[in-house]
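What follows is each chain in one-letter form.
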Amino acid sequence: MLHKKGYKEVVIKAQIGASGIGMVKLSTESCKPNDIPDHLFFEGPCMVQGWLDETTANVRHLGSPSVQMFLDDDTVTFYDITEQILSNESIHEGNMSPPPYFSPGDYIHEELLRQSTSAGSWLHEQGYRGTASIDFLVVERLGVIEVRACEINARVTGATYPSVLARYFKPHGAWVMRNLRFILPLRDTSILEVLDQTGKLFHPGMETGIIPVNFNIDEKSGIQKGQFLSLGSNLEDCLRIFKEIESILPVSWFYDRD
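If you're wondering where the values come from, they're calculated on a predicted model, not measured in any experiment.

**Here's the deal with the sheet that holds strand S3 (residues 47-50)**
- The sheet built from three strands is open, its strands ordered S2-S1-S3 with antiparallel pairing. Since the sheet does not close on itself, it has two edges, and those belong to strand S2 (21-27) and S3, each with one partner. Strand after strand, the sheet turns through a mean of 25° between neighbouring axes, direction not considered.
- In terms of strand pairing, strand S1 (residues 9-18) meets S3 through four bridges, oriented antiparallel. Of the residues in S3, the one forming a bridge with valine 10 is glycine 50.

**Observations regarding the packing of aromatic side chains**
- Applying the stated criterion across every chain yields a total of seven aromatic pairs.
- Ring centres 6.3 Å apart and planes at 85° place the aromatic pair phenylalanine 182 and phenylalanine 228 in the edge-to-face group. Of this pair, phenylalanine 182 sits in strand S10 (residues 174-186) while phenylalanine 228 sits in strand S12 (residues 223-232); the two residues are 46 residues apart in sequence, bridging distant segments of the chain. For the pair phenylalanine 182 and phenylalanine 228, one class covers both residues: buried.
- A centroid spacing of 6.1 Å and a plane angle of 75° characterise the contact between phenylalanine 242 and tyrosine 255, whose relative ring orientation is edge-to-face. Pair noted here: phenylalanine 242 is in helix H4 (residues 235-244) and tyrosine 255 is in strand S13 (residues 253-256), with a separation of 13 residues, a long-range link.
- We classify tyrosine 255 as partly exposed; its relative accessible area is 33%.
- Following the ring pairs from residue to residue traces out a cluster consisting of Tyr168, Phe169 and Phe202.
- A cation over a ring is seen here: arginine 178 above tyrosine 255, with NZ or CZ 3.9 Å from the ring centre.

**As for the nonpolar core**
- Phe182, Ile191, Leu195, Phe228 and Ile245 are the most contacted members of the largest nonpolar core, which totals 20 residues.
- Of all the secondary-structure elements, those providing two or more residues to this core are S10, helix H3 (191-197), S12 and H4.
- For this core, the element with the most residues is S10, which contributes five residues.
- When near neighbours in sequence (up to four residues on either side) are disregarded, isoleucine 191 contacts Phe182, Leu186, Phe215, Ile223, Phe228 and Leu249.

**Section: a nonpolar patch on the surface**
- Taken together, the side chains of Ile183, Leu184 and Phe254 make up a nonpolar region of the molecular surface, amounting to roughly 300 Å² of accessible area.
- Tracing the backbone shows phenylalanine 254 in strand S13.

Conventions used here
- Residues numbered from 1 in each chain as written.
- Predicted model: local features only at pLDDT ≥ 70, side-chain atom pairs only at ≥ 80, totals over all residues.
- Heavy atoms only, no water.
- Pairing = 2+ DSSP bridges.
- Helix = DSSP H or I, 4+ residues; strand = E, 2+ residues; numbered from the N terminus.
- Axes fitted to C-alpha atoms, helices over the stretch in contact; angles between N-to-C directions.
- Phe/Tyr/Trp six-rings, centres within 6.5 Å; stacked < 30°, edge-to-face > 60°.
- Buried < 20%, exposed > 50% of the residue type's maximum accessible area, 1.4 Å probe, protein only.
- Lys NZ or Arg CZ within 6 Å of the ring centre and 35° of its normal.
- Core = buried A, V, L, I, M, F, W, Y, C linked by side-chain atoms within 4.5 Å.
- Contact = heavy atoms within 4.5 Å.
- Patch = residues over 30% accessible without salt bridge, like charges linked within 9 Å, V, L, I, M, F, W, Y side chains within 5 Å.
- Areas by Shrake-Rupley, 256 points an atom, 1.4 Å probe, with all protein chains shown as cover.
- Salt bridge = Lys/Arg side-chain N within 4 Å of Asp/Glu carboxyl O.

Rendered as structure tokens:
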């Protein structure tokens, strides 16, 4: 059915998953039931959706924004809109804010807030309290912009801590969070000293800088991977910091998934 509607690929999503886990993308021309892993159905029926990107006729992908929110007993508060950095398989690899393809008050911005208000109100009515986000897909089809809510994340996500930190230290600034995996594990914690001595470690009051948010440690206490948050006045400043620390950190690294 989706093939007849023009979709060349579909995505099959399990009821529980995160960061691309619990999701399988298949061709509508050649997929067979045996191509779908049994474990996806552990919690029950899966969702099947058309994969909407440039492989679909007359579609241009613009972005994958996510509205960050907090729900308490009385209110639903939006505190950031981020752009998700995704791999070719739509695996989450980081976030940035603000998204570069719309501005406050334009159609995309207003539609994100409108749909997030509906989704957030529904989530609040279910009794959920805490941090959450609404993930979207923004595309242009035949010259018309479409803003589609994809899913509600009733949990802490990869953008929660970076966004809270960024909005605390630079409420009106920009930020980029990336997962860096080191080619060889770092065997000491001198990474903070190195960043500080070179003026790249963010301190309150600085215009730009980088904050290591967390580290993944191996069995020998070596740092294998970490989340790094760069803060600045605009996205260009934030992205430039990652280029500058390539020659500063003691080992080579590459961008990775959560």
